[in-house]
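# Examining the three-dimensional arrangement
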Amino acid sequence: MANLLLLEDDPAIASTVVFALQREGYGVTHCTLLRDARSQMAAQTFDALVLDIGLPDGSGLDLCSQVRKAGHTPVLMLSARGEELDRVLGLELGADDYMTKPFSPRELVARVRALLRRSSIPAVSTTHAPSFFIVDTAGQRISLHGQTLDLTRLEYGLLAQLLKARSRILSREALLNAIWGQDAESTDRTVDTHIKTLRAKLRAIDSSREFITTHRGMGYSIAL
Ligand code: CA
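### Brief notes about the coordination of the calcium ion
Protein-derived coordination of the calcium ion comes from Asp9 (OD), Asp52 (OD) and Gly54 (O), at a distance range of 2.2 to 2.3 Å. Written as a sequence motif, the donor residues of the calcium ion are D-x42-D-x1-G. Placement of Asp9 in the loop between β1 (3-7) and α1 (11-23) and of Asp52 in strand β3 (residues 48-52) is noted, with a sequence separation of 43 residues between them. Of the residues examined, Asp9 reaches a relative accessible area of 30% and is grouped as partly exposed. Classification of Asp52 by relative accessible area gives buried; the value is 3%.

Here you go:
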């Protein structure tokens, strides 16, 4: 199960978040100071980081930008202020998601789960890169013919899964489980709807062909 770092100096928020994450089965290391978070990160590997911005010994944004330079660990930023500036800065510095206090622990857990799921989609390595698509896992972006696609999170997930499968057929069920999770209240129709919008976006860049093929009764595949 995933190992998480929570950096949060507010004891009430921290205990609620730790409780909610542990109940999900995640391992959580909680720190209240940047200094302690840095030493924990030197000592162990974390699958995702949840970082408060305002801390007694500095800003969580500094740690976020440091982490982003070092690798691809997903980062969720927390802010008490809810200022647009923090949000913009956090995302510019490479945070994957952002939440403003007060938030529900349940929502935080859902966001963390989504981050972990997305980060487990490996990048298509450059050496085996399909000729038309390039996946930038860290940036959660996919480009077609060198043009970045403007995708929703779910469309990104779908396309990344299809590309990862190379030209194999993926069933709707497999796509649902990979992207929405087993507990989602989604149906095959959900997949079809997002495939439809995804196709339209691909067509907007290249209308000369249909990249995604529907296999009746089986699922979808993508032409690389
Ligand atoms: Ca704080």
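There's plenty left to go through after this.
### Details of the pairing of strand β9 (residues 141-144)
As a general feature of sheets, a regular strand has side chains that alternate between the two faces. Direction of pairing for strand β8 (residues 133-136) relative to β9: antiparallel, over a ladder of four bridges. By the bridge assignment for β9, Val135 is matched with Ile142. Connecting the antiparallel pair β8 and β9 is a turn made up of four residues, with Gln140 showing a positive phi of about 55 degrees. As paired elements, β9 and strand β10 (residues 147-148) share two bridges and run antiparallel to each other. Counterpart to Ser143 in the pairing with β10 is Thr148. Following β9, the chain reverses through two residues before pairing antiparallel with β10; His145 in that reversal takes a positive phi of roughly 50 degrees.

### What about the packing of α1 against helix α5 (residues 105-119)?
Where α1 meets α5, the closest approach of the two axes is 9 Å, and the angle between their N-to-C directions is 55 degrees. Between α1 and α5, the crossing angle belongs to the class labelled oblique. Where α1 crosses over α5, the two elements pack in a sense that is right-handed. In this structure, α1 uses Thr16, Val17, Ala20 and Leu21 to contact α5, whose residues at the interface are Pro105, Leu108, Val109 and Val112. Its residues assigned to classes, the contact of α1 with α5 comprises seven nonpolar, one polar and no charged.

### Describing the packing of helix α6 (residues 153-164) against helix α8 (residues 188-205)
For the pair α6 and α8, interaxial distance at closest approach is 10 Å and the crossing angle is 85 degrees. In terms of orientation, α6 and α8 fall into the roughly perpendicular class. Here α6 contributes Leu154, Glu155, Leu158, Leu159 and Leu162 to the contact with α8, which in turn contributes Val191, His194, Ile195, Thr197, Leu198, Lys201 and Leu202. Looking at the contact of α6 with α8 residue by residue, the class counts come to eight nonpolar, two polar and two charged.

### Here we look at the sheet that holds β1
The parallel open sheet is built from five strands, whose spatial order is β2-β1-β3-β6-β7. The strands lining the two open edges of the sheet, one partner per strand, are β2 (27-31) and β7 (97-100). Strand after strand, the sheet turns through a mean of 15 degrees between neighbouring axes, direction not considered. Two elements, β1 and β3, share four bridges in a ladder whose sense is parallel.

### Looking at the packing of aromatic side chains
Applying the stated criterion to the full structure yields two aromatic pairs. Here the aromatic rings of Phe132 and Phe211 are separated by 5.5 Å at their centres, their planes lie at 70 degrees, and the arrangement is edge-to-face. Residue Phe132 is located in the loop between α5 and β8, and its partner Phe211 is located in the loop between α8 and β11 (212-215); the two are separated by 79 residues in the primary sequence. Ring-pair connections join several aromatic residues into one group, and the members of that group are Phe132, Phe133 and Phe211.

How each quantity is defined
Residues numbered from 1 in each chain as written. Predicted model: local features only at pLDDT ≥ 70, side-chain atom pairs only at ≥ 80, totals over all residues. Heavy atoms only, no water. Donors = N, O, S within 2.8 Å, 3.2 Å for Na, K, Ca; no water. Helix = DSSP H or I, 4+ residues; strand = E, 2+ residues; numbered from the N terminus. Buried < 20%, exposed > 50% of the residue type's maximum accessible area, 1.4 Å probe, protein only. Pairing = 2+ DSSP bridges. Axes fitted to C-alpha atoms, helices over the stretch in contact; angles between N-to-C directions. Parallel < 35°, antiparallel > 145°, perpendicular 65-115°, else oblique. Left-handed = near helix turned anticlockwise from the far one by under 90°. Contact = heavy atoms within 4.5 Å. Nonpolar A, V, L, I, M, F, W, Y, C, P; charged D, E, K, R; others polar. Phe/Tyr/Trp six-rings, centres within 6.5 Å; stacked < 30°, edge-to-face > 60°.

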